[in-house]
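# Observations on the model geometry
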Amino acid sequence: KQYVVAVVGATGAVGEAMLSVLHERKFPMKEVIALASERSAGSEVKFGNQGIVVRDLATFDPKGVDIALFSAGGSVSREYAPKFAAAGAVVIDNSSAFRDDVDVPLVVSEVNPQALKNRPRGIIANPNCSTMQLMVALAPIHRAVGIERINIATYQSVSGTGVKAMEELGKQTASLLNFQGAEATVYPVQIAFNVIPHGGDFLDNGYTTEEWKLVTETRKILGDDRILVNATVVRVPVFYGHSEAVHLETREKITLERARELLAAQPGLELVDERAPGGYPTPVTHASGNDPVFVGRLREDVSHPRGLDMWVVSDNIRKGAALNAVQVAELVIAEQP
Ligand code: A2P
């Protein structure tokens, strides 16, 4: 069978990647439809070597769409995803709009594909990019020995914020190298040659919304509300690829050898752990433009009897967003007889 697939937010960082992942993976499509706001309607986006004309979401009739991949922000999803679902499409939504809803599955393709079955609203949520890569790395450990607590600091690239943030990093860098000032418009302070301990909005408890996503989404995906998560989200001047310094406290002790075996057997994960200069993954050397979640710097925590440390890196636009959405779409079409 061939499907009609719509990409909502097709001119964005994630939308463009959705189109290229659909093309690369030869998703069986009879038609691919690119949608965005009226601002970019009429412009072209790439689908392989082909250009496809962007259409205005506001005036588009979703009838006949089989699968809709949304990545145009929460408010667009809230307004249009139910309309697409009502018209018969399966919606895979990359925004945070529905992630916490009990009747919307939140799925990492290699971790909890079974959750897809229960989607009464016809909407499936794609996890936050930071949670996504963390889950691929932690699911096998959690299944084996249980995770009691996760301490995590992220080093998140600017592509996670969108196209304008990437432009801001580029402009500020060029401007500063020319001994000119750096104007900050997307981020509250300069991002070039800097790090910013802030993602999303501040909550009453002092955490930010990006940090809180790691708490709620981890519990939902791993199906265990007892897991404790303490996160600090940091934006760094990297274009593609999020990194995470992860410190786990497991329920039962796990040895380094066992952890290594489990990680090596996890689909979608690649261990890069040589304990030598360069023998670890980084956004530039490993993650950017590639599919796997990379794990390195694996070690037992000397400060805790059930502690395990690791460094997790992945392309936030691919596995963190577009690739997982397409993998979920592949699981959806595989269900049908
Ligand atoms: P547009 O190019 O028309 O603004 P990013 O997160 O990389 O900035 O991308 C956001 C994506 O969401 C873009 O494709 C953008 O399209 C799209 N978008 C934003 N607001 C709307 C809207 N109101 N209706 C449709 N698409 C939208």
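No experiment lies behind these values; they were computed from the predicted model shown. (Residues numbered from 1 in each chain as written. Predicted model: local features only at pLDDT ≥ 70, side-chain atom pairs only at ≥ 80, totals over all residues.)

### Focus: the environment of Val21
Counted only if it meets this: Numbered from the N terminus, helices here are DSSP runs of H or I no shorter than four residues, and strands are runs of E no shorter than two.
Here Val21 is to be found in helix H1 (residues 13-24). Taking C-alpha positions, Val21 is 33 Å from Asp225, a pair spaced 204 residues apart along the chain.

### Looking at the sheet that holds strand S1 (residues 3-8)
Cut-off, in case you're wondering: Two strands are counted as paired when DSSP detects at least two bridges linking them. Lines fitted to C-alpha atoms define the axes, with helix axes restricted to the stretch in contact, and inter-axis angles between N-to-C directions lie between 0 and 180 degrees. What counts as a contact here is a pair of residues whose C-beta atoms, placed from the backbone, lie within 7 Å.
Strand order across the open sheet formed by seven strands is S3-S4-S2-S1-S5-S6-S7, with mixed pairing between neighbours. Across the chains shown, the open sheet's two edge strands, defined by having one partner strand only, are strand S3 (44-47) and strand S7 (123-125). Mean inter-strand twist for the sheet, computed between neighbouring axes without regard to direction, equals 30 degrees. Bridge analysis of S1 against strand S2 (residues 29-36) gives six bridges, and the strand direction is parallel. For Val4, the partnering residue across the bridge sits in S2 and is Glu31. Across the sheet, helix H2 (residues 74-86) lies against S1, strand S5 (67-70), strand S6 (90-93) and S7, angled at about 160 degrees from S6, the strand it touches most.

### What to know about the confidence of the model for the chain
What counts, and what does not: pLDDT runs from 0 to 100 and stands for how confident the predictor is about each residue.
Taken residue by residue, the chain gives an average pLDDT of 98. The fraction at 70 or more is 100%. Confidence metrics for the complex model read pTM 0.97 and ipTM 0.98.

### Topic: the domain arrangement of the chain
This is how the line gets drawn: Where each domain starts and ends comes from a domain assignment, either automatic or drawn from a database. Amino acid classes used here: Ala, Val, Leu, Ile, Met, Phe, Trp, Tyr, Cys and Pro are nonpolar; Asp, Glu, Lys and Arg are charged; the rest, including Gly, are polar.
With domains assigned, the chain is organised as domain 1 (3-126 + 321-335) and domain 2 (131-316). Measuring from the centre of the C-alpha atoms in domain 1 to the corresponding centre in domain 2 gives 25 Å. Across the contact, 13 residues belong to domain 1 and 17 residues belong to domain 2. Considering every element that reaches the side of domain 1 that touches domain 2, the biggest residue donor is helix H8 (residues 318-335), with three residues. Taken together, the residues that form the side of domain 1 that touches domain 2 break down as six nonpolar, four polar and three charged.

### Notes on the site of the ligand
The test is simple: Nearness here has a simple definition: the residue's C-beta atom, placed using the backbone, must lie within 6 Å of the molecule or strand.
Gly12, Ala36, Ser37, Ala72 and Gly162 are the nearest of the 17 residues found near the ligand. Contributions of two or more residues to the shell around the ligand are made by H1 and helix H4 (163-177). Residue composition of the shell around the ligand, by class: seven nonpolar, eight polar and two charged. Among the domains, domain 1 (3-126 + 321-335) and domain 2 (131-316) are the pair contributing at least three residues each to the shell around the ligand.

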